Amino acid sequence: MQQLRKRFFGNTMEEEVIEIGSPFAAKRVILLHGLTGTATVIRPVAEYLYRRLGESYSFILPTAQIIKVKQFNGEPVHAWFDVKSSDFRREADVGGIFASSDRIASLIRKEISQGVSPKDIYLGGFSQGGVIALTTALLEPFAVGGVFALSSYLPLEEQLISQLTDASKDVPIFQAVSLKDEFISQEMSDRASEFLRARGNPVRVQKYDMKHEIRNRELNDVINWMQSLV
């Protein structure tokens, strides 16, 4: 079962949230698209995962707000945060990351208020969406079921890192690394996994001979990883 809902954020911005699966499913997956994407763009990924994981899972796909992105000469696009430089290690939009993380945290709180255990909530994302999935989970005062980040990274700015919670050290993480990624360097991927392991997170890193994209073979590995957590 699939539903499309429209929600208002702010005074004028209308954004979509796509839901796939039963609202009574035991487990929830919040899946986040990448830069310039939407819930509709990443919906085939959610549908693929849903078909293979089964009806005990449901998926929630929010869409990022439209903001002006400096790297695109101020062009307004759907983005979870601003990109101020082609070198993602410089001038990270920490404020934008926190704002989007707060929004996703509100979705988590809603599921918890409906009786879903934090351990039955999973976060996943591609590229920018992976940044927000990781950040949100690591800022929560409890451990969610797991996070999978596809072709992504973790900003290591002090103002972000200093707010990570002790409880989130128990969150299992699946990091999918694209060896021919045109945007996310191997150094950035390695720094993220090394940092996460050093703080105690159970991290599985899987590398793929592909570009900045999503392929079924990595989704199959995500599925196997998620099933191993149950």
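Just so it is clear, the structure is predicted and the values come from calculations on it, not from any experiment. (Residues numbered from 1 in each chain as written. Predicted model: local features only at pLDDT ≥ 70, side-chain atom pairs only at ≥ 80, totals over all residues. Heavy atoms only, no water.)

1. Observations regarding the packing of aromatic side chains
Step number 1: One pass over the structure, following the stated rule, counts 3 aromatic pairs.
Step number 2: A ring pair is formed by Tyr57 and Tyr122, whose centres lie 6.2 Å apart and whose planes are at 45 degrees; its orientation type is tilted. Here Tyr57 is found in strand 4 (residues 57-62), whereas its partner Tyr122 is found in strand 7 (residues 121-126), with 65 residues between them in sequence. Here Tyr57 and Tyr122 have matching classes, each one buried.
Step number 3: On the basis of an interplanar angle of 50 degrees and a centroid distance of 5.7 Å, the ring pair of Phe174 and Trp225 is categorised as tilted. Placement of Phe174 in strand 9 (residues 173-178) and of Trp225 in helix 6 (residues 216-229) is noted, with a sequence separation of 51 residues between them.
Step number 4: Over the ring of Tyr48 we find Arg52; its NZ or CZ atom is 3.7 Å from the centre of that ring. (Phe/Tyr/Trp six-rings, centres within 6.5 Å; stacked < 30°, edge-to-face > 60°. Helix = DSSP H or I, 4+ residues; strand = E, 2+ residues; numbered from the N terminus. Buried < 20%, exposed > 50% of the residue type's maximum accessible area, 1.4 Å probe, protein only. Lys NZ or Arg CZ within 6 Å of the ring centre and 35° of its normal.)

2. Things to note about the environment of Val222
Step number 1: Summarising the element assignment, Val222 is placed in helix 6.
Step number 2: With a relative accessible area of 0%, Val222 lands in the buried category.
Step number 3: Separated by 72 residues in sequence, Val222 and Leu150 place their C-alpha atoms 9.5 Å apart.
Step number 4: Residues within four places of Val222 in sequence aside, it is in contact with Leu49, Phe148, Leu150 and Phe174. (Contact = heavy atoms within 4.5 Å.)

3. Brief notes about the environment of Val171
Step number 1: As for its placement among the helices and strands, Val171 is situated in the loop between helix 4 (158-161) and strand 9.
Step number 2: For the pair Val171 and Lys207, spaced 36 residues apart in the sequence, the C-alpha separation amounts to 20 Å.

Note that all results are geometric; they support no functional claim without further evidence.
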